[in-house]
Amino acid sequence: MEQIEGLLIDLDGTLYHGHKMIPGADLLIKALREADIPFLFVTNNSSRTAANVAAHLSGMGIEAKAEEVCTSSMAAARYIAEESPGATVAILGEEGLRMACVEAGLQIVTESPDYVVQGIDRSFNYASLAQASRWILSGANFVLTNPDLMLPSDDGVMPGAGTIGAAIEAASGVKPVVIGKPESHLIKYATDLLNIQPEHAAVVGDNMRTDIAAGVNAGCRTILVLTGLTTTENLEHYKSITGITPDEICADLAELKMFLGV
């Protein structure tokens, strides 16, 4: 821990399940604040704004501020703005993605965009697929906020941004630039926000295939918590299919708190 200057903490499966806080999440965040350990809440969720995410956490009793949230939408908008400042973008997504693009100085258009940027879009339909494919075939760059194929919901699993992206890729024949976990763009954006080098950050998460893989891809330390998708029973399976071993493994958030010394 002597080399760790900041934590990048996953949300769903790490601090909560849906609308229910995982035991100890509130105490962990409180302890990090008291110990002055920098951290960010880092999520693949592209639909919510940073303020929405903070409100969701606060509603469960986990103290959070909008400026402590880093989403795949924010990272996607930053990626486009750095590559092409003021570029025109067509958005297939929701409020979080739209606001992130506006705040990054991008121009939202409905004709001839420089970029098609796509996240979760619960209004997506055949017409959306046809139009996005035509734009990309005409030369627009294709950026995908996150590759999650399925998402948990109160009614069971539902298709994620990655499923929509797969349809657009199949129709256009063009692979998108993927921003969210397990790719490194989101994590590197978060370390930039904390003003630290990736090797001095630790990614904390429950998912070997996204959180821990993203940490490895970005050159960060990794801490797996067995509070969500990865469990004692399936840990070896995920190690085998990912070829990754986390730097640290904690059974729960209480054990993580002890490991961090807070």
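These remarks concern the structure in this document.

Rules used throughout
- Residues numbered from 1 in each chain as written.
- Predicted model: local features only at pLDDT ≥ 70, side-chain atom pairs only at ≥ 80, totals over all residues.
- Heavy atoms only, no water.
- Helix = DSSP H or I, 4+ residues; strand = E, 2+ residues; numbered from the N terminus.
- Rg over C-alpha atoms; globule rule 2.2 N^0.38 Å.
- Buried < 20%, exposed > 50% of the residue type's maximum accessible area, 1.4 Å probe, protein only.
- Pairing = 2+ DSSP bridges.
- Axes fitted to C-alpha atoms, helices over the stretch in contact; angles between N-to-C directions.
- Contact = heavy atoms within 4.5 Å.
- Patch = residues over 30% accessible without salt bridge, like charges linked within 9 Å, V, L, I, M, F, W, Y side chains within 5 Å.
- Areas by Shrake-Rupley, 256 points an atom, 1.4 Å probe, with all protein chains shown as cover.
- Salt bridge = Lys/Arg side-chain N within 4 Å of Asp/Glu carboxyl O.
- Expected span 1.5 Å × (residues − 1).
- 1 Å grid on protein atoms, 1.4 Å probe; cavity = no way out; pocket = protein on both sides within 12 Å on 5 of 7 lines; lining within 4 Å.
- Points joined across faces, edges and corners; volume = space filled by probe spheres on them.
- Nonpolar A, V, L, I, M, F, W, Y, C, P; charged D, E, K, R; others polar.

### Some thoughts on the overall build of the protein
Alright, step 1. Counting its regular elements, the protein contains ten helices and 15 strands.
Alright, step 2. For the protein, whose C-alpha radius of gyration is 18 Å, the value lies close to the compact-globule estimate of 18 Å for 262 residues.
Alright, step 3. On the principal axes, the C-alpha backbone points of the protein span a range of 55 × 35 × 35 Å.
Alright, step 4. The proportion of buried residues among the 262 residues of the protein is 52%.

### What about the sheet that holds strand E14 (residues 221-225)?
Alright, step 1. With parallel pairing, six strands are arranged side by side in an open sheet as E5-E4-E1-E13-E14-E15. The sheet is open, and its two borders are formed by strand E5 (69-71) and strand E15 (248-250), each paired with just one other strand. The sheet shows a mean angle of 25 degrees between the axes of neighbouring strands, taken without regard to direction.
Alright, step 2. Sheet topology note: the strand E13 (residues 201-205)/E14 ladder contains four bridges and is parallel.

### Observations concerning the sheet that holds strand E8 (residues 115-118)
Alright, step 1. Pairing within the open sheet is parallel, and its five strands lie in the order E7-E6-E8-E9-E12. Edge strands, defined here as strands with exactly one partner in the open sheet, are strand E7 (107-108) and strand E12 (177-178).
Alright, step 2. Where strand E6 (residues 88-92) meets E8, four bridges bridge the pair, whose relative direction is parallel. Across the sheet, Ile91 pairs through a bridge with Val117, a residue of E8.
Alright, step 3. Each of E6, E7 and E8 touches helix H4 (residues 95-103); the most contacted strand, E6, lies at about 170 degrees to it.
Alright, step 4. Contacts between helix H6 (residues 161-172) and the sheet are confined to E6, E8 and strand E9 (141-144), with E9 contributing the most and set at about 160 degrees to the helix.

### Regarding a nonpolar patch on the surface
Alright, step 1. Where nonpolar side chains cluster on the molecular surface, the patch consists of Leu149, Met150 and Val157 and spans about 310 Å² of accessible area.
Alright, step 2. Looking at the secondary structure, you find Val157 in the loop between strand E10 (150-151) and strand E11 (158-159).

### Observations regarding helix H3 (residues 72-83)
Alright, step 1. Helix length check: H3, at twelve residues, gives a terminal C-alpha distance of 16 Å against a target of 16 Å (1.5 Å per residue), a fit within 8%.
Alright, step 2. Those residues of H3 that sit buried are Ser72, Ser73, Ala75, Ala76, Ala77, Tyr79, Ile80 and Ala81.

### Quick look at the layout of surface pockets
Alright, step 1. Taken as a whole, the largest pocket encloses approximately 1,300 Å³ of empty space.
Alright, step 2. For the largest pocket, the lining is made up of 40 residues, of which Asp12, Asp148, Met150, Leu151 and Pro152 are closest to its centre.
Alright, step 3. For the lining of the largest pocket, the elements supplying multiple residues, two or more each, are strand E2 (16-17), helix H2 (50-59), E10 and helix H8 (208-218).
Alright, step 4. Classifying every residue of the lining of the largest pocket gives 15 nonpolar, 15 polar and ten charged.

### Examining the pattern of salt bridges
Alright, step 1. The tally for this structure, following the rule as stated, stands at twelve salt bridges.
Alright, step 2. Note that Glu68 is salt-bridged to Arg33, the shortest N-O span being 2.6 Å. With Glu68 in the loop between H2 and E5 and Arg33 in helix H1 (residues 25-34), this residue pair connects regions lying 35 residues apart in the sequence.
Alright, step 3. Accessibility expressed as a relative area gives 10% for Glu68, which makes it buried.

### Concerning unusual backbone geometry
Alright, step 1. Put simply, Lys181 and Pro182 share a cis peptide bond, and its omega is 15 degrees.
Alright, step 2. Turning to its location among the elements, Pro182 is positioned in the loop between E12 and helix H7 (185-194).
Alright, step 3. One non-glycine residue, Asp36, adopts positive backbone phi at about 55 degrees.
Alright, step 4. Residue Asp36 is classed as exposed on the basis of its relative accessible area, which comes to 66%.
Alright, step 5. Residue Asn195 is not a glycine yet carries a positive backbone phi of 60 degrees.
Alright, step 6. Mapped onto the fold, Asn195 is located in the loop between H7 and E13.

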